[in-house]
Every structure is written in structure tokens, then in C-alpha cells.
Amino acid sequence: MNSLLNSINERQIPLTETLVKLAEINSGTLNRAGVNQIGGLLSEMFCARLNCHHQQLSLPAYTLIRTDGTAVEHPLGDLHILSKRPDAPLQVLLTGHLDTVFPEDSVFQQCQWLDEQTLQGPGVSDMKGGLLVMLEALAAFEQSPLAQRIGWTVILNPDEEIGSPSSASILAQQAELHDLGMIYEPALPNGQLAGERKGSGNFTAIIAGVAAHAGREHHRGRNAICAMAEFITAVDQLNGLRDGVTINVGIVDGGVTTNQVPDQARCRFNIRTRISEDERWCQQQLHRIEEQINRKEGISLTLHGGFGRSPKQLNPAHLALFQLVANCSAQLGVPLSWEPTGGCCDGNNLSAAGLPNVDTLGVLGGNIHSHQEFIKISSLVERARLTTLILLTLAEQPETWSRART
Ligand SMILES: [Zn+2]
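What you are looking at is a predicted structure, and each value in this text was computed from that prediction instead of being measured. (Residues numbered from 1 in each chain as written. Predicted model: local features only at pLDDT ≥ 70, side-chain atom pairs only at ≥ 80, totals over all residues. Heavy atoms only, no water.)

Quick look at the packing of aromatic side chains now. The full count for this structure, using the stated rule, is five aromatic pairs. Joined through ring pairs, the aromatic side chains of Phe203, Phe231, Phe269 and Phe307 make up one cluster. (Phe/Tyr/Trp six-rings, centres within 6.5 Å; stacked < 30°, edge-to-face > 60°.)

Right, dumping it as C-alpha cells:
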């Protein structure tokens with residue numbers, strides 16, 4: 001076991017070089033070509049080193065609602081499924097996303113060393129580093145005779161950063177075929193694992209009013225922006241009314257020019273929930289506010305969207321898995337525990353599908369989703385060693401971890 005783990009230590013330099021190369025290929029979620037390039041490179045590397053089965057699937061486009069209420073479709077990159085030994089007694093699902101939050105025209109495209117140990121760059125932590133951790137760990141694990149006892153599936157999805165709208169159904173299907181899940185999101189900024197996660201929903205409100213000349217016929221107009229201001233104020237006032245629920249209005253637009261009463265306005269907002277029952281409460285409140293706005297003469301409000309991710313609540317199966325991860329980390333000399341977070345990820349999806357999972361097995365770093373994103377470069381090797389040890393430990397007692405699958 002030790003020689004396997006130690007062999008990973010020698011991989012620091014090639015891992016770093018590959019990470020820089022991957023990070024400097026833009027793969028913002030809506031940059032389909034870039035996401036596909038990353039997916040192509042990674043699936044080639046997985047196949048070459050792991051001799052696994054590979055499937056590439058195209059996904060439905062992502063639909064965004066424009067200010068005028070019409071829909072625009074954004075094609076997404078492909079999803080990759082890599083798998084080995086589907087008949088082994090224990091089936092592990094590993095997932096990672098190919099996309100980043102940095103669009104094709106972002107100014108943040110290059111890597112830069114901040115010091116010997118710290119590399120700044122787009123997606124280095126979230127989560128191109130994590131994808132390499134997954135590959136490296138599987139490659140080491142496959143050298144062990146114990147590998148025969150575990151079958152695994154890797155999903156590389158292209159749309160996690162927008163809430164996995166098009167890959168959600170595949171994640172849910174695959175969750176049912178596996179005993180536990182491992183996801184390669186970066187560790188929390190203090191190095192710990194994420195435990196409970198909030199749920200999340202994205203909504204778009206569109207208001208149609210009546211356009212009119214601002215000078216000649218102002219009285220004939222019905223101002224969509226003013227109605228939207230009322231809507232937003234009412235929605236914002238829901239904050240603080242229910243424990244653990246927060247609502248953030250993030251995008252507002254509408255109107256064309258100052259001498260016309262605007263007949264269109266749009267706002268987009270995000271809701272975070274703590275327990276699944278919060279979703280119904282939020283829907284009721286939104287419905288009440290929607291009715292209130294729609295009572296205004298000449299104004300019509302339509303709500304789109306919904307809750308894409310339910311809260312991840314920890315059950316005994318989750319806790320047992322977390323404990324196993326913590327024990328493995330302690331064996332490697334790194335104490336590890338878990339704490340709740342307001343952020344969500346595909347760990348929420350797997351959890352909602354009944355699959356116990358630990359979702360922050362990726363690298364250590366920080367400032368993710370900002371132009372200051374960085375990785376602590378030694379964590380590529382450290383975290384690959386951790387996943388290898390987790391897999392070896394699971395393989396020692398596959399029957400303990402396999403659950404009755406339907
Ligand atoms: Zn991520």
C-alpha cells in the first residue's frame with residue numbers, strides 16, 4: 001500500500017504541467033468548443049491510463065429567458081462517462097465538472113505563480129485540479145490487486161456551474177447504480193470537507209407593462225420597471241422570515257430609453273434553502289407576491305424557473321462515509337473534519353437521488369469564482385494519495401459499503 005501511495009509523490013511535476021495546460025483552455029459553461037476540448041483531452045487521458053469504457057453523450061441545450069420573455073437556447077458541451085468493472089461487488093461513482101465560471105471573453109485566462117507553492121489561474125481549484133486528482137488516484141488504485149473488488153464510473157459533466165440543468169437526469173440515473181459517490185470539488189478554504197449543503201433555486205421574473213411616450217402620453221403607460229421594483233422589494237423582504245432561507249436578486253434589466261415608459265423588465269434571483277420543506281414555503285410566498293403584482297392594471301408578471309438542487313442533509317450513511325474519509329486522511333497525517341456550507345454542487349444531486357457522497361475531495365486552494373482563484377500545488381499529490389487510500393480501504397471491505405440497489 002505504501003509503495004503505491006509513494007509512487008504518486010513522483011507525479012507532482014507532470015500533474016502541474018497538465019494543470020496549467022488545462023486551465024489555459026477556456027471552458028466557461030457556455031463556451032461549448034472549449035468545454036468539449038477539455039472533455040476530449042481528459043477522456044483521452046483516462047482511457048490511456050485506465051483502459052476503461054468510454055461513452056460521450058450530447059445534452060439538451062440550456063434555456064435562458066430574455067428580457068422580452070422569449071427563450072434563447074445555449075448549446076452545451078458533451079458529457080463523458082468512463083467506467084470499469086460494472087459487475088464488481090462495490091460500485092463507486094466519481095464525478096467532476098469540465099466547465100468553469102469564466103466566460104470565453106473573460107480577462108482571466110492565464111496561470112501565474114504567486115509563490116513556489118501557489119498557482120493562480122482559472123479553474124485551477126474549481127475544478128481542473130480535482131479532475132487530475134481523480135485520474136491520478138484511479139491510476140494508482142488500478143495498480144493494486146484489490147482493484148478487482150471495486151467497479152467505478154467517472155462522470156465528467158459540462159454544466160455544473162449553472163446548476164447542472166442538463167446533466168441532472170444522468171447524475172440521478174447513475175446514482176441509483178452505485179453504492180457511494182466521490183466528487184472532486186475543492187476543499188473548503190480552511191481545508192475541511194463540506195458536510196451539509198444548502199439547496200438552491202434560480203428564478204426569472206418577467207414583467208410586461210404598456211409602452212408610451214414619456215412626455216406626450218405618460219398617463220397611458222404602465223411602467224414595467226416600477227412594477228419590478230415593487231416585486232423585488234417584496235421578494236427581498238422574505239429574507240429573515242424563515243430560518244436558513246436566503247434570497248438574492250442578482251440581475252435586473254429592462255427599458256430602452258428614458259423618454260419611453262418601459263413595457264419590459266426582467267429580474268433573476270437565487271434562493272438558498274436549508275431543508276427540503278423550505279421549497280414549498282418559498283413557492284407559496286412567490287405565488288402570493290406574483291398575485292399582488294398581477295392585480296395592477298396593465299401589468300403582467302410571469303415567473304420562470306425553480307429549485308434545481310435540494311439541500312444535502314447528512315444521514316447515517318453519509319456520516320459513515322465522512323468518517324472513513326477522515327480516518328484515511330488521519331492515516332496520511334492530515335486531520336480532517338466537515339462543516340456545513342451555503343454553497344451547493346452535484347453532491348446535492350447525488351444526495352437527492354439517495355447516494356451517500358463526499359463532495360470536496362478535490363484540491364486545496366481558494367478565491368474560487370474570482371480572478372484570484374488559486375491552488376496550493378502540493379495538494380494535487382496529497383489529495384490523489386487520499387483518494388487512493390479511500391479506494392484501497394473500501395476495497396478491503398466491499399460488502400460493508402455496498403447497499404441494496406434496486
Ligand atoms: Zn466546482
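Looking at the zinc ion, the protein donor atoms are His97 (NE2), Asp126 (OD), Glu185 (OE) and Glu185 (OE), and they sit 1.8 to 2.8 Å from it. Counting gaps between the donor residues of the zinc ion yields the pattern H-x28-D-x58-E. Of the two residues, His97 sits in strand β5 (residues 90–97) while Asp126 sits in helix α4 (residues 124–141), which places them 29 residues apart along the sequence. Both residues of the pair, His97 and Asp126, count as buried. (Donors = N, O, S within 2.8 Å, 3.2 Å for Na, K, Ca; no water. Helix = DSSP H or I, 4+ residues; strand = E, 2+ residues; numbered from the N terminus. Buried < 20%, exposed > 50% of the residue type's maximum accessible area, 1.4 Å probe, protein only.)

Okay, the packing of helix α2 (residues 12–23) against helix α3 (residues 32–50) next. At their nearest, the axes of α2 and α3 sit 10 Å apart, and the two run at 155° to each other. The angle between the axes of α2 and α3 places the two elements in the roughly antiparallel class. The element α2 and its partner α3 pack so that their crossing is right-handed. Residues Thr18, Lys21 and Leu22 of α2 lie in contact with α3, whose contacting residues are Ile38, Leu41, Leu42 and Met45. Looking at the contact of α2 with α3 residue by residue, the class counts come to five nonpolar, one polar and one charged. (Axes fitted to C-alpha atoms, helices over the stretch in contact; angles between N-to-C directions. Parallel < 35°, antiparallel > 145°, perpendicular 65-115°, else oblique. Left-handed = near helix turned anticlockwise from the far one by under 90°. Contact = heavy atoms within 4.5 Å. Nonpolar A, V, L, I, M, F, W, Y, C, P; charged D, E, K, R; others polar.)

At a minimum axis separation of 10 Å, α3 and α4 run at an interaxial angle of 15°. Judged on the interaxial angle alone, α4 and α3 are roughly parallel. Judged by the twist between their axes, the crossing of α3 over α4 is right-handed. Residue-level contacts link Ile38, Leu42, Met45, Phe46, Arg49 and Leu50 of α3 to Lys128, Leu131, Leu132, Met134, Leu135, Glu136, Leu138 and Ala139 of α4. For the contact of α3 with α4, a count of residues per class yields eleven nonpolar, no polar and three charged.

Quick look at the pairing of strand β11 (residues 199–208) now. For β11, the buried fraction is high: eight of the ten residues fall into the buried class. Here β11 runs beside strand β15 (residues 264–273); their pairing, made up of ten bridges, is antiparallel. Paired with Ser200 across the strands is Arg272, a residue of β15. Alignment of β11 against strand β16 (residues 300–309), held across nine bridges, turns out to be antiparallel. Paired with Ile206 across the two strands is Thr302, which belongs to β16. (Pairing = 2+ DSSP bridges.)

Here the focus is the nonpolar core. Generally speaking, nonpolar side chains in soluble globular proteins are found buried as a group. Membership of the largest hydrophobic core comes to 63 residues, with the highest contact counts inside it found for Phe46 and Leu394. The element contributing the most residues to this core is α4, with eleven residues. Each residue touching Phe46, except ones within four places of it in the same chain, is listed here: Asn51, Cys52, Leu82, Leu131, Met134, Leu135, Leu138 and Val154. Ranked by size, the runner-up nonpolar core spans 25 residues in total, among them Met228, Ile271, Trp281 and Leu301. (Core = buried A, V, L, I, M, F, W, Y, C linked by side-chain atoms within 4.5 Å.)

This part takes up the domain arrangement of the protein. Domain assignment breaks the protein into domain 1 (2–198 + 311–401) and domain 2 (199–309). With both sides pooled, the region where domain 1 packs onto domain 2 buries about 1,500 Å², and carbon together with sulfur makes up 52% of that total. One can count two salt bridges joining domain 1 with domain 2. Taking the shortest distance from any N to any O, the salt bridge between Arg309 and Asp346 comes out at 2.8 Å. Along the contact surface separating domain 1 from domain 2 lie nine residue pairs in polar contact (both at pLDDT 80 or more). Among the elements of the structure, β2 (62–65) and α9 (346–352) are those that each provide at least two residues to the side of domain 1 that touches domain 2. Residue composition of the side of domain 1 that touches domain 2, grouped by class: six nonpolar, nine polar and six charged. (Domains from an automatic or database assignment. Buried area = accessible area lost by both parts, 1.4 Å probe. Salt bridge = Lys/Arg side-chain N within 4 Å of Asp/Glu carboxyl O. Polar contact = N/O pair within 3.5 Å; in protein donor to acceptor, adjacent residues only side chain to side chain.)

Moving on, we come to unusual backbone geometry. Residue Met127 follows Asp126 across a cis peptide bond; omega there is -10°. By the element assignment, Met127 lies in helix α4. One non-glycine residue, Arg85, lies in the positive phi region at around 55°. Unlike most non-glycine residues, His369 shows phi in positive territory, near 65°.

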